[in-house]
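Spelled out, the chains give:
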Amino acid sequence: MTDQGTTSPTPAAFTPPAPDPDPATVTFTLDGRQVTGRKGEMLIAAAERAGTFIPRFCYHPRMASVGVCRMCLVEVSGPRGATLQPSCFIEVADGAEVDTTSDKVKKAQDGVLEFLLVNHPLDCPVCDKGGECPLQDQTLAYGPAETRFVEEKRHFEKPIPISELVLLDRERCIQCSRCTRFASEVAGEAQIDFVGRGEQLEVNTFPELPFSSYFSGNTVQICPVGALTAAPYRFTARPWDLDQVESTCTTCSVGCRVAVQSSANRVTRLLGIDTDPVNHGWLCDKGRFAFESVNADDRITEPMVRTGGTLVPVSWHDALERVAAGLRAAAADGPDGVGFIGGARLTNEGAFAWTKLAKGVLGTDSVDAQLGDGLPADVVLGLPRATIDEAASADTVVLLGGDLREELPVLFLRLRSRIVSGDLSLVELSSRSTACTAAAAVSLRYRPGDAAALVRSLVDQTVAPPAGIDQTALDEARRLTGGGTVVVVVGRGSLAEDGALVAEAAQVLAAARPATRFLPALRRGNVLGALDMGMAPGILPGRVGLDDAREWFSPHWDVLPDERGRDTIGMLRSAGGDEPGEAGTGAPAKVRALVLLGANPIIDLPDARLARRGIDGADFVVEVATSTAALCGRADVVLPAAEAHERPGTTTNIEGRITRLGQKLVPPGQAWPDWMIATELAAHLDADLGLDSLHAVWDEIERLAPAYRGITRSVLEGPAGADGVVAPLPAAGVDLPRRSAPAPLDPIAFPGVESVERQGAPPRAGFAESPTAAGPSDGSNDADAGGGGAASDGGGGAGAARRPTLLGVPAATSVPRVPPTDSYTSRLVATRRLYDRGAAVAASPALAALVPNSTVRVNPHDLDDLGVRSGGPVLVRTATASMVVPAVADPSLLRKVVAADFNVPLAEGSVADLIDASAPVTELRLETP
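Reading the values: rules and limits
- Residues numbered from 1 in each chain as written.
- Predicted model: local features only at pLDDT ≥ 70, side-chain atom pairs only at ≥ 80, totals over all residues.
- Heavy atoms only, no water.
- Helix = DSSP H or I, 4+ residues; strand = E, 2+ residues; numbered from the N terminus.
- Buried < 20%, exposed > 50% of the residue type's maximum accessible area, 1.4 Å probe, protein only.
- Contact = heavy atoms within 4.5 Å.
- Pairing = 2+ DSSP bridges.
- Axes fitted to C-alpha atoms, helices over the stretch in contact; angles between N-to-C directions.
- Core = buried A, V, L, I, M, F, W, Y, C linked by side-chain atoms within 4.5 Å.
- Phe/Tyr/Trp six-rings, centres within 6.5 Å; stacked < 30°, edge-to-face > 60°.

Colleague: Could you clarify how one ought to interpret the overall build of the protein chain in this entry?
Modeller: In terms of helices and strands, the protein chain carries 28 helices and 36 strands. Within the protein chain, the proportion of its 929 residues that are buried is 60%. Across the protein chain, the fraction of contacts at a sequence separation of at least 24, relative to all contacts at a separation of at least 6, is 71%.

Colleague: When you look at the sheet that holds strand β13 (residues 266–272) in this model, what are you seeing that I'm missing?
Modeller: The strands making up a sheet are joined through hydrogen bonds of the backbone, oriented either antiparallel or parallel. The strand order across the open sheet formed by 3 strands is β11-β12-β13, and the pairing between neighbours is antiparallel. With partners counted over all chains shown, the strands left at the sheet margins are β11 (243–248) and β13, one partner each. Going from strand to strand, the sheet's axes swing by 30 degrees on average, the running direction of each strand aside. Where strand β12 (residues 257–263) lies against β13, 6 bridges are found, and the strand directions are antiparallel. Bridge pairing in β13 links Ser263 to Arg266.

Colleague: Looking at this structure, how should I read the nonpolar core?
Modeller: Side chains of a nonpolar character, in soluble globular proteins, are inclined to be buried together. Counting 146 residues, the largest nonpolar core has Leu404, Leu411 and Leu429 as its most contacted members. Here this core takes 7 residues from helix α15 (residues 499–512), the largest share from any one element. The residues touching Leu404, leaving out its near neighbours within four places in the chain, are Leu399, Pro409, Leu411, Phe412, Leu415, Cys436, Val489 and Ala521. Leu346, Leu357, Val544 and Phe620 belong to the second largest nonpolar core, which has 67 residues in total.

Colleague: Quick question: what am I supposed to make of the side chain of Arg524 here?
Modeller: Locating Arg524 in the fold gives a position in the loop between β22 (517–520) and α16 (527–532). Exposure remark for Arg524: the relative accessible area of 16% places this residue in the buried category. For Arg524, the residues in contact, after removing those within four places along its chain, are Cys252, Ser253, Ala344, Ala369, Leu371, Asp373, Asp604 and Arg832.

Colleague: Looking at this structure, how should I read the environment of Leu415?
Modeller: Tracing the sequence through the fold places Leu415 in helix α12 (residues 409–420). Taking the C-alpha atoms as reference points, Leu415 and Ile388, separated by 27 residues in sequence, lie 8.7 Å from one another. Here Leu415 is in contact with Ala391, Ala392, Val397, Leu404, Leu424 and Val489, once residues within four sequence places are set aside.

Colleague: In this structure, what is going on with the sheet that holds strand β3 (residues 73–78)? I would like to understand it.
Modeller: Strand order in this open sheet of 5 strands is β2-β1-β5-β3-β4, and the pairing throughout is mixed. Pairing within the sheet leaves two strands with one partner each, and these edge strands are β2 (33–38) and β4 (81–86). Ignoring which end each strand starts from, the neighbouring axes of this sheet average 35 degrees apart. Here 6 bridges tie β3 to β4, and the two strands are oriented antiparallel to one another. Bridged to Leu73 within β4 is Pro86.

Colleague: I keep staring at the pairing of strand β33 (residues 873–877) and nothing clicks. Help me out?
Modeller: Taken residue by residue, a regular strand's side chains alternate between the two faces of the sheet. Direction of pairing for β33 relative to strand β34 (residues 882–889): antiparallel, over a ladder of 5 bridges. Within the sheet, the bridge partner assigned to Val874 lies in β34 and is Val885. As paired elements, β33 and strand β36 (residues 923–927) share 3 bridges and run antiparallel to each other. Counterpart to Val876 in the pairing with β36 is Leu926.

Colleague: Looking at this structure, I do not really get the packing of aromatic side chains. What am I missing?
Modeller: Two descriptors summarise a pair of aromatic rings, namely the distance from one centre to the other and the angle between the planes of the rings. The full count for this structure, using the stated rule, is 7 aromatic pairs. An angle of 80 degrees between the planes, with centres 5.3 Å apart, marks the rings of Tyr214 and Tyr835 as edge-to-face. A residue pair is termed long-range when its members are at least 10 positions apart, and Tyr214 in the loop between β9 (202–205) and α5 (216–222) and Tyr835 in the loop between β31 (826–831) and α26 (839–842) qualify at 621 residues. No difference in accessibility class separates Tyr214 from Tyr835, as the two residues are buried. Note on Phe352 and Trp557: the rings are 6.0 Å apart at their centroids and 70 degrees apart in plane angle, and the pair reads as edge-to-face. Note that Phe352 is positioned in helix α8 (residues 348–362) and Trp557 in the loop between α17 (546–553) and α18 (568–575), a separation of 205 residues in sequence. Residue classification places Phe352 among the buried positions, given a relative accessible area of 0%. For Trp557, a relative accessible area of 3% translates into the label buried.

Shown next, in the form of structure tokens:
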């Protein structure tokens, strides 16, 4: 009992229990201080996150550690005391004591560098790596002051071209194995390896097999010495002469982040920047080396007008007056008399300005950024979108499209790495084998036109599959797609097949598997951004339909189209006389004027005959182009536009991720950015777009385009926008990942790349910016920066107009009827190649030589029926064309399926001469010549 006469003690202050340690972290001692690391993390990475750089040569955070260079040796205390261990090869352990600066460590580093320099040539003044060389830097920081060796160094013939793009200097190689590991682990193309032993060990290719990888330029970038150099950059500049800016590659629609480096107003090289959500630092060779087209000698530098059959230079005023007069004349019978083709090479701001001119001034809805080689825009914009990270982390990816290695190479790398690690299963649905076939868990072949039928049998076991489908493989595909997270990569697998047929298959999947997400595999650079900006029939900016968004846009735009317009195929058919419109009949007016926005349908359209008819049949043709090589040869007016790296702005990739473009060069001559051309042309049409600066364009996009609501300039230019912003924002507001540090993920993999904070962010001003536009967004614009989808409807004077809802998955309607098969007719599959005769490759000398010659590929049994051996000639005949070409046996094809590459040289003519864009599938017959 408590004594009544005593005072009870004062209770001690409550101390909450210590939180349980995070099971995902470990604590260790690094150079005398306590730091934490992630469980399973390599010691070298944990130390770097803690602020201690450990020198290295072989280590790369995106590849498996091998510990071959021994430069990263550190002292780690263990049961037997402190021992030297390679920090790139051991995981952090709880309670470990690590010393990176002891005398033993310094002596080991000194010795490693001394041995590396025994045979390394002292040619730094003439080496391309000089000035940005990790071997130079680490020798100065950690190596001996002078050499003890006086013997003759080894010598090799140099340089050796191991490919058209990469040169090898064997004397400089330090055998770090970065290049060979990248080729084998990341690219899956082990075309280079170590040859020889001892002092004669060297990196080389296999006999008679060049280093033909699409990713060879990455080995140059990650090489820590000058052993591998890029042919286009070799001896062109010194690192200290270069200036740079961070930007986005627009060669394809993946949107890889790059550092654009230049000297004397000429691009010298592009380097990949490690953006975790997108490219992991890798670039394809087309994206890396296509910058040569920007430096081309045939760049258009002034406006031109056709006079007496010849294009002659004129002033901008005269050229725009001529364009305005031609468009007025073409629209005399109705606004549908004017059509706009192209736009995927524009920035988002340029695409928006041209859309506003076409739909908000002229009133025509005949605008199409896809050149007959994409998918229906309402389906692309309506499917629930996945990100690249979501695709890479899914349980199963369904590939319903073309060859990713040829069309979207870095997306191929991202998915391949997960497939090889066993974390991802791939189900391939295609008409021919692709680079993904070998890694696919299931690969199902279908005849052109049967995609939807195959998908119906995939999602419904009661539906019989099309002919030729292996039942066991189909059952396995059903198992893989029936549970877990599924992402569908959907694209145009064949240009000889109507895109609506593939879209129907995607719609069937979306209806049967509501949780499925989709990643559109459209190839052209900013095609998703152009579609978002309304460059498609029936679409207005912000992923909304024309009819649904009419009330929202009417207060801001002078006019809006009355009816849905024509796509590219429809415009060319109308201009060519295939579908003439007549005034007063209720039918759309005949297309009399075509405005080509960075597009040449004669090269780009799958149906070359239709493209020629349409261009020749138009009364008036305007080309907005960058080089004479890209012209169709029929233009009445040519307007010079700024090219990639010459204009600021934004772009949108396949995920809907918006990233900024950095302007590094001044456009040549009188070339203008696209948004300015559209704005000035509107003035000559007695209209005012209200877009007096690049900032004003983006502010209107954010204010009017529902999918871009809340993505203000302050969001894009702030830390949260460093890796891009995915549209639309979540309804809860801006909650975006931020780059943890400005430093590159692997400092020695990115020569010359410094943080944007040091080199300067992409220019914040467009051409002719007003002083007030150069600052942050005005209050009305930035007030919604945290609102995202929850932003009020009243911004920008929209009044009480109802904000339109974003497009959803449309029902599969008006799908073209595929004719039944017979025993005599084959169906054509036309696929893309990375290197083709497109404008970017044709204007890049390093890439133009890599365009392959094409053959037709046929099932071996079909060749046997003709009595033709593989490689022999066959006569290919369609209803409108015929040609004799070599045929190669391809057992991966189903019978009565013929495959060929699009836009590459064929022995006779081009596969585009065989394709009929008006037919759901292109049918042909094979005969002996």
